[in-house]
Amino acid sequence: MRQRFPWVSLVARVVLGVVLVVAGGLKVPDPEAATQAVRAYELLPQGFDGIVGMLLPFLEIAIGLLLIVGYAVRPAAVAAGVLMVLFIAAVSSAWARGLAIDCGCFGGGGQVAPGQTKYLQEILRDVGLLVLAGWLYWQPASKFSLESDQHTPTGVVAS
C-alpha cells in the first residue's frame, strides 16, 4: 500500500497546485476586481483589503507552482492549508452574516443576488482542497517531484 502513496501525493500535488495557479492567474489581469472581491467580505480594514487583493493572486500562484513542480512540498502544503482555512472561514462568515456575494475564488467576486450564492459548494470545495493539503503534509514525497524523498536513506528522488 505504501508504494501507492507517492502516486496519491502526485495527484494531490497537481490538483491542489493547478487549482491555486488557475485561481491566482484569473485574478492577476484585473487587480481591481480582486480587491473588490476581498472588500465584499467586509472583514478587513479599508486599505488593507487592497493590499490583500493585490498580493493574494501572486501568493496563490507561487504556492501552486511549488506544488506542481514538487519543491518544498510540505511548507507549500502548509501554506495552501492555511489559505484554505482562511477561505473557509471567510465564506462561512459571509454566509453567517447574510451577505450575498460571489466568493471571488476564480476571479470576479462582489455582490450577487441572494439566490445566487454558492456558499456550501465553495466550502465543500475548499474542505476537499484542505484535505489534499493535509495529505501532502503527511506524505510530501511523490513521483516526478524536484524534491528528494527525505524518508529514504539514500535521498533518491521519488520518481
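1. A word on the overall build of the protein chain
Here's step 1: Within the protein chain, the secondary structure is distributed over five helices and two strands.
Here's step 2: The secondary structure elements of the protein chain, listed N-terminal to C-terminal, are α-α-α-α-β-β-α.
Here's step 3: Along the longest, intermediate and shortest principal axes, the C-alpha atoms of the protein chain span 55 × 25 × 20 Å.
Here's step 4: Taken over 159 residues, the protein chain has a buried fraction of 43%.
Here's step 5: Here the protein chain displays about 8500 Å² of accessible surface, and carbon together with sulfur accounts for 70% of that area.
Here's step 6: When the 10 positive and 10 negative side-chain charges of the protein chain are each reduced to one mean point, those points stand 12 Å apart.

2. Description of the nonpolar core
Inside soluble globular proteins, nonpolar side chains tend to come together where they are buried.
Here's step 1: Ranked by size, the top nonpolar core spans 18 residues in total, and within it Leu16, Leu20, Ile63, Leu67, Ala80, Leu83 and Leu136 carry the most contacts.
Here's step 2: Only helix H1 (5-27), helix H3 (48-69), helix H4 (73-96) and helix H5 (119-138) provide two or more residues apiece to this core.
Here's step 3: Sorting elements by how many residues they give to this core places H4 first, with seven residues.
Here's step 4: Once you skip the residues sitting within four places of it in the chain, leucine 67 turns out to touch Arg13, Leu16, Gly17, Leu20, Val73, Ala76, Ala77, Ala80 and Leu136.
Here's step 5: Membership of the second largest hydrophobic core comes to twelve residues, among which are Ala40, Tyr41, Val91 and Cys103.

3. A look at H4
Here's step 1: Helix length check: H4 (24 residues) gives 34 Å between terminal C-alpha atoms against 34 Å at 1.5 Å per residue, within 8%.
Here's step 2: Positioned one or two residues after H4, glycine 98 has a phi angle of 75°, which is positive.

4. Thoughts on the state of the cysteines
Here's step 1: Counted under the stated rule, the structure contains one disulfide.
Here's step 2: Note on cysteine connectivity: cysteine 103 is disulfide-linked to cysteine 105, with sulfurs 2.2 Å apart.
Here's step 3: A relative accessible area of 10% means that cysteine 103 is categorised as buried.

5. Considerations on the pattern of salt bridges
Here's step 1: Going through the model one piece at a time under the given rule, you end up with four salt bridges.
Here's step 2: Glutamate 60 is paired through a salt bridge with lysine 27; the nearest N and O atoms lie 2.8 Å apart. In this pair, glutamate 60 sits in helix H3 while lysine 27 sits in helix H1, placing the two residues 33 residues apart along the sequence.
Here's step 3: Here arginine 125 and aspartate 126 are joined by a salt bridge, their closest N and O atoms 3.2 Å apart.
Here's step 4: The exposure class assigned to arginine 125 is partly exposed, which follows from its relative accessible area of 28%.
Here's step 5: Aspartate 126 gets classed as buried once you look at its relative accessible area, which sits at 2%.
Here's step 6: Among the ionic contacts, a cluster of salt bridges with common partners joins Glu32, Arg39 and Asp49.

About the cut-offs
- Residues numbered from 1 in each chain as written.
- Predicted model: local features only at pLDDT ≥ 70, side-chain atom pairs only at ≥ 80, totals over all residues.
- Heavy atoms only, no water.
- Helix = DSSP H or I, 4+ residues; strand = E, 2+ residues; numbered from the N terminus.
- Buried < 20%, exposed > 50% of the residue type's maximum accessible area, 1.4 Å probe, protein only.
- Areas by Shrake-Rupley, 256 points an atom, 1.4 Å probe, with all protein chains shown as cover.
- Lys, Arg positive; Asp, Glu negative; His and termini not counted.
- Charge placed at Lys NZ, Arg CZ, Asp CG, Glu CD.
- Core = buried A, V, L, I, M, F, W, Y, C linked by side-chain atoms within 4.5 Å.
- Contact = heavy atoms within 4.5 Å.
- Expected span 1.5 Å × (residues − 1).
- Disulfide = S-S within 2.5 Å.
- Salt bridge = Lys/Arg side-chain N within 4 Å of Asp/Glu carboxyl O.

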